[in-house]
Amino acid sequence: MKETISHIFLFIGLLFDLLGCIGLVRFPDVYLRLMAATKSVTLGTGLILLSVVIAGSAPVAAKAVLVLLFISVTSPTAAHALARASSVSDIKMWEGTVCDKFTEDRKRKTNEKT
Amino acid sequence: MIIFGFIILIICSALCLYRIGRGPTASDRSVAIDILGIIVVAFCVLLYFKTGDGFYLIVAIAWALLSFIGALALAKFLEDKGFDE
């Protein structure tokens, strides 16, 4: 019973990983690729780690919870830093983008300084 | 059963490597490297399922932290230089 639930979580996680990587290849823009890949790959790897927590013994489950904690804290932070760096280094958005408040705000601030 | 999971993760890594090789700008490549780091953690978990050796989860902890530091360093570098290829 435990093994069946663990395998179900494992394969849902693998499906999310695969969809995230397809998004990384198919989307037209750095920001959209970051959006597609980071969220779904983090969720997919988190579900794979959850399957270890369900199936494994106590020390192994403790290590898996630790990895889950690290991943869920560090991955959004890294994604935020990369998106900010791309925006600051003037990488163009996709032409269908309708709203970019961060760049407007940054340009307004640099104009006020000079 | 687990072999199927390995095949899916190898396809994921191949898609990330495609984006690293092809990506038009440097930040595309940085994003793909960050994602590849998380997929390596998933590889470590599948190796634990295959062998039953808890050592692989320690490797996963170290890899998650090092991948995070690498992504932050790349982001800082991009922000300072502003280069584009």
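That block above? That's the structure.
These figures come from a predicted structure and were not determined experimentally. (Residues numbered from 1 in each chain as written. Chains lettered and ligands numbered in written order. Predicted model: local features only at pLDDT ≥ 70, side-chain atom pairs only at ≥ 80, totals over all residues. Heavy atoms only, no water.)

Trainee: Provide a residue-level description of the overall build of chain A, including the pertinent values.
Mentor: Counting its secondary structure elements, chain A contains four helices and zero strands. When the helices and strands of chain A are placed in sequence order, the string is α-α-α-α. With the C-alpha coordinates of chain A rotated into their principal frame, the extents come out at 65 × 30 × 15 Å. Burial status across chain A gives 41% buried among its 114 residues. By sequence separation, contacts in chain A at least 24 residues apart represent 61% of the contacts at least 6 residues apart. Looking at chain A as shown, the accessible area adds up to about 6400 Å², and 68% of this sits on carbon and sulfur atoms. (Helix = DSSP H or I, 4+ residues; strand = E, 2+ residues; numbered from the N terminus. Buried < 20%, exposed > 50% of the residue type's maximum accessible area, 1.4 Å probe, protein only. Contact = heavy atoms within 4.5 Å. Areas by Shrake-Rupley, 256 points an atom, 1.4 Å probe, with all protein chains shown as cover.)

Trainee: Give a detailed account of the pattern of salt bridges, specifying residues and quantitative values.
Mentor: Tallying each qualifying case throughout the model produces six salt bridges over all chains. When the shortest N-O distance is used, the salt bridge between Glu79(B) and Arg84(A) registers 3.5 Å. With Glu79(B) in helix H3 (residues 55–81) and Arg84(A) in helix H3 (residues 58–88), this pair bridges two chains. For Asp105(A), the salt bridge identified is with Lys109(A), shortest N-O distance 3.8 Å. Taken together, the residues Asp105(A) and Lys109(A), both in helix H4 (residues 101–113) and four residues apart, mark about one turn of the helix. (Salt bridge = Lys/Arg side-chain N within 4 Å of Asp/Glu carboxyl O.)

Trainee: Can you explain the interface of chain A and chain B? Please cite residues and give values.
Mentor: Chain A puts 43 residues into the contact, and the matching count from chain B is 43 residues. Overall, the association of chain A and chain B removes approximately 3800 Å² of surface from exposure, summing both partners, and the carbon and sulfur fraction of that is 82%. When residues of chain A are sorted by the area they lose upon contact with chain B, Leu24(A), Val25(A) and Leu82(A) head the list and together hold 14% of the total. Linking chain A to chain B there are two salt bridges. Where chain A touches chain B, the interface holds four residue pairs in polar contact (both at pLDDT 80 or more). The set of elements that each furnish at least two residues to the side of chain A that touches chain B consists of helix H1 (2–26), helix H2 (30–55) and H3 of chain A. (Buried area = accessible area lost by both parts, 1.4 Å probe. Polar contact = N/O pair within 3.5 Å; in protein donor to acceptor, adjacent residues only side chain to side chain.)

Trainee: Mind laying out the side chain of Thr25(B), listing which residues take part and the relevant values?
Mentor: Among the secondary structure elements, Thr25(B) is positioned in the loop between helix H1 (2–22) and helix H2 (26–51). Side-chain polar atoms of Thr25(B) contact the side chain of Asp28(B), separated by 2.8 Å.

Trainee: Quick rundown of the side chain of Thr45(A)? Include the residues and the values.
Mentor: With respect to the secondary-structure elements, Thr45(A) resides in helix H2. Among the residues examined, Thr45(A) registers a relative accessible area of 1% and is labelled buried.

Trainee: Outline a nonpolar patch on the surface, supporting the account with residue identities and numerical values.
Mentor: Together, Leu15(A), Leu19(A) and Ile22(A) make up an exposed nonpolar region whose accessible area comes to about 280 Å². If you trace the backbone, Leu19(A) turns up in helix H1. (Patch = residues over 30% accessible without salt bridge, like charges linked within 9 Å, V, L, I, M, F, W, Y side chains within 5 Å.)

Trainee: Now, about H3(A): what can you tell me, with residues and values included?
Mentor: Across its 31 residues, H3(A) extends 45 Å between first and last C-alpha, which sits within 8% of the 45 Å expected from 1.5 Å per residue. Asp90(A) lies just past H3(A) and shows a positive phi near 60°. (Expected span 1.5 Å × (residues − 1).)

Trainee: Break down the packing of H1(A) against H2(B) for me, with residues and values.
Mentor: One way to put it is that H1(A) packs onto H2(B) with a least axis distance of 12 Å and a crossing angle of 160°. Relative to H2(B), the element H1(A) is oriented roughly antiparallel. Crossing of H1(A) against H2(B): the hand is left-handed. Seen from H1(A), the contacting residues are Ser6(A), Leu10(A), Asp17(A), Cys21(A) and Leu24(A); seen from H2(B), they are Val31(B), Ala32(B), Ile35(B), Ile39(B), Ala42(B), Leu46(B) and Phe49(B). Its residues placed into classes, the contact of H1(A) with H2(B) shows ten nonpolar, one polar and one charged. (Axes fitted to C-alpha atoms, helices over the stretch in contact; angles between N-to-C directions. Parallel < 35°, antiparallel > 145°, perpendicular 65-115°, else oblique. Left-handed = near helix turned anticlockwise from the far one by under 90°. Nonpolar A, V, L, I, M, F, W, Y, C, P; charged D, E, K, R; others polar.)

Trainee: Kindly report on the environment of Leu65(B), identifying the contributing residues and their values.
Mentor: Relative to the assigned elements, Leu65(B) resides in helix H3. Leu65(B) sits in the partly exposed class, given a relative accessible area of 31%.

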